[in-house]
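Residue strings, one per chain:
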Amino acid sequence: MDITEIPDDHPRKVSLETRETIIEGHQLHIVATAGLLAHGRGEAFDYLIGETTTPQAKKAIYAAVAEILLANHPVISVNGNVCSLVPTELVEFSEITGALLEINLFYYRKEREDAILKVLHDAGAKTVLGTHDRPSETIPELSSNRRKVDSEGIAKADVVLVPLEDGDRTEALRAVGKRVVTVDLNPMSRTSVFSNITIVDNIIRAMPIMVEVANELRELETRELEKFVQEFDNGENLETSLQIMIDRLQTEAKEALHRKPRTVKELKEADA
Ligand code: ATP
Ligand code: MG
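Bear in mind the structure is a predicted one, so any value in this text is a computation, not a measurement.

Cut-off values and rules
Position labels on residues start from 1 in each chain and follow its written sequence. Here chains are named by letter from A upward and ligands by number from 1 upward, in the order in which they appear as written. Only residues with pLDDT of 70 or above have their local features reported here, since the model is predicted, and side-chain atom pairs are shown and tallied only from 80 upward, although totals for entire chains, interfaces and linings are computed over all residues. The basis for every side-chain value is the complete set of non-hydrogen atoms in the structure, without hydrogens or water. Here the rule is simple: two strands pair whenever DSSP picks up at least two bridges between them. Numbering of helices and strands starts at the N terminus; helices are DSSP runs of H or I of at least 4 residues and strands are runs of E of at least 2. In protein, a polar contact requires one atom able to donate a hydrogen and another able to accept it; more generally it is a pair of N or O atoms within 3.5 Å, and residues adjacent in sequence count only if both atoms are side-chain atoms. The working definition used for a salt bridge is a side-chain nitrogen of Lys or Arg within 4 Å of a carboxyl oxygen of Asp or Glu. Think of it in three bands: with a 1.4 Å probe and only protein chains considered, a residue is buried below 20% of the maximum accessible area for its type, exposed above 50%, and partly exposed in between. Only heavy atoms matter for contacts: two residues are in contact if any of them lie within 4.5 Å across the pair. Consider the strands pointing away from the viewer: the crossover is right-handed when the path from the first strand over the helix to the second runs clockwise. Residues enter a nonpolar core if they are buried and are Ala, Val, Leu, Ile, Met, Phe, Trp, Tyr or Cys, with the set joined through side-chain atoms within 4.5 Å. For helices, the fitted axis covers only the stretch in contact; all axes are lines through C-alpha atoms, and the angles between them, taken along N-to-C directions, range from 0 to 180 degrees. Angle categories are assigned with fixed cut-offs, so that under 35 degrees is roughly parallel, over 145 is roughly antiparallel, 65 to 115 is roughly perpendicular, and the rest are oblique. Crossings are classed by handedness, with left-handed meaning an anticlockwise turn of the near helix from the far one by less than a right angle and right-handed meaning a clockwise turn. Throughout this entry, Asp, Glu, Lys and Arg are counted as charged residues, while Ala, Val, Leu, Ile, Met, Phe, Trp, Tyr, Cys and Pro are counted as nonpolar. The remaining residues, Gly among them, count as polar. Here a residue is considered near a molecule or strand provided that any single heavy atom belonging to it is located within 4 Å of it. Both cavities and pockets are sets of points on a 1 Å grid over the protein atoms alone; in a cavity a 1.4 Å probe fits but cannot get out, in a pocket the set is open with protein on both sides within 12 Å along at least five of seven lines, and lining residues sit with an atom within 4 Å of a point. More than half of a molecule's atoms within 2 Å of the grid points is what it takes for that molecule to sit in a cavity or pocket.

**Some remarks on the sheet that holds strand E7 (residues 179-183)**
Taken in spatial order, the six strands of this open sheet run E3-E2-E1-E6-E7-E8, and their pairing is parallel. Sheet topology places strand E3 (128-129) and strand E8 (197-199) at the edges, where each strand pairs with a single neighbour. With three bridges connecting them, strand E6 (residues 159-161) and E7 associate as parallel partners. Bridge pairing in E7 places Val159 opposite Arg179.

What follows is the structure in structure tokens.
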């Protein structure tokens, strides 16, 4: 589909454009085939939350950014989906907060690593960790490819931002004592539940806000930043995010069942 043909008032416009970006990322070897499916799962939860950044997500963003600004050695774990959707924001966020970028792939292929590296460099990244030529260590708790981490990156990190992550990995990072921050549209995923701070939002909306908030908070004193983290309760935030989805299912989604398709005349009028 040519996305330039999607009219501005189309209810799925942003969602369709994002889907095109992911498909393009797949064609360029940035996104794994399984990444396409993970994206579809994200789309379903985004539908339920109303494709909007909730006040709960905003609150989680403040806590997440504060946590990363407070960290001694923060690292952003980059996978194919994240790289294809928000490369510029990743690099900006890394620069503002001092968090290092590390490529970490579930389905490792040299071709994918090269493609992701190129996108990050094109987006302005100077240093990218996690590539095959870098010193690495293993997280013993994990059996997949991703137990390999950069010696100067996740291996040493106190706080790791792992957006769109698998639950096994999040659990392993917690098990080896890291604080974990994530962006995940499914409030029930193991990653959402195991993380210290979960932003229940689409990464395409959350990441630009995270950049803004990082600029806003960067000059704050430690004491003030700590307040954002201390006042944040992940369990409570996840519960409220889930309740928003449940409420929407009971109201708007139910109303949608009674919607009637437009007539030819109405469709023509909308086109005019
Ligand atoms: P878990 O392993 O944590 O239990 P899972 O197996 O259901 O979760 P994974 O494929 O391992 O899912 O992880 C991908 C996660 O990323 C999913 O929870 C999915 O909803 C979420 N996700 C996908 N696309 C986006 C997006 N654009 N923004 C935010 N979250 C997303
Ligand atoms: Mg999983």
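**Here's the deal with the environment of Glu266**
Structurally, Glu266 can be placed in helix H13 (residues 264-271). Sequence spacing of Glu266 and Ser192 is 74 residues, and the spatial spacing of their C-alpha atoms is 43 Å. For Glu266, the side chain forms a polar contact with the main-chain nitrogen of Thr263, separated by 2.9 Å.

**What about the pattern of salt bridges?**
Counted under the stated rule, the structure contains 19 salt bridges. Where Lys156 meets Glu152, a salt bridge forms, and the shortest distance between an N and an O atom there is 3.0 Å. By relative accessible area, which is 47% here, Lys156 ends up partly exposed. Residue Glu152 is classed as partly exposed on the basis of its relative accessible area of 37%. Close ionic contact of Asp201 with Arg205 constitutes a salt bridge, the shortest N to O distance being 2.8 Å. Like Asp201, the residue Arg205 is buried in the burial classification. The network of salt bridges with common partners includes Asp8, Lys13 and Glu17.

**Some details on the side chain of His39**
Relative to the assigned elements, His39 resides in helix H2 (residues 33-49). In this view, His39 contacts Thr18, Arg19, Ile22, Asn81 and Leu85; residues no more than four positions away in its chain are not counted.

**Description of the pairing of strand E2 (residues 100-103)**
Where strand E1 (residues 74-78) lies against E2, four bridges are found, and the strand directions are parallel. If you follow Ile76 over to E2, its bridge partner there is Leu101. Here E2 pairs with E3 via two bridges, running parallel. Following the sheet pairing, Glu102 is matched in E3 by Leu129. Between E2 and its parallel partner E3, the chain crosses via helix H6 (residues 110-122), and the hand of that crossover is right-handed.

**What to know about the nonpolar core**
Of all hydrophobic cores here, the largest spans 50 residues; its most connected members are Leu90, Phe93, Leu120, Ile199 and Met210. Discounting residues that sit within four places of it in the chain, Leu90 has contacts with Ile76, Val78, Val82, Cys83, Leu101, Leu120 and Met207. Counting residues in hydrophobic clusters, the runner-up holds 10 residues, among them Val75, Ile139, Val149 and Val180.

**So, the packing of helix H5 (residues 87-97) against helix H9 (residues 203-217)**
When two helices pack together, their arrangement is given by the angle between the helix axes and by the axis-to-axis distance. Across the interface, H5 lies against H9 with an axial gap of 9 Å and an inter-helix angle of 20°. With respect to their mutual orientation, H5 and H9 come out roughly parallel. Viewed along their axes, H5 and H9 form a crossing whose handedness is left-handed. Residues Glu89, Leu90, Glu92, Phe93, Ile96 and Thr97 of H5 pack against Met207, Pro208, Met210, Val211, Ala214 and Asn215 of H9. Of the residues that constitute the contact of H5 with H9, the class distribution is eight nonpolar, two polar and two charged.

**Section: the site of ligand 1**
In the vicinity of ligand 1, 18 residues are found, and the nearest of them are Asp166, Gly167, Asp184, Thr191 and Asn202. One of the backbone N or O atoms of Glu165 is found 3.2 Å from an oxygen atom in ligand 1. The site holding ligand 1 turns out to be the largest pocket. Put simply, the parts of the chain that give the shell around ligand 1 at least two residues each are H2 and helix H8 (190-194). Here the shell around ligand 1 takes four residues from H2, the largest share from any one element. Along the lines of polarity and charge, the residues of the shell around ligand 1 split into five nonpolar, seven polar and six charged.

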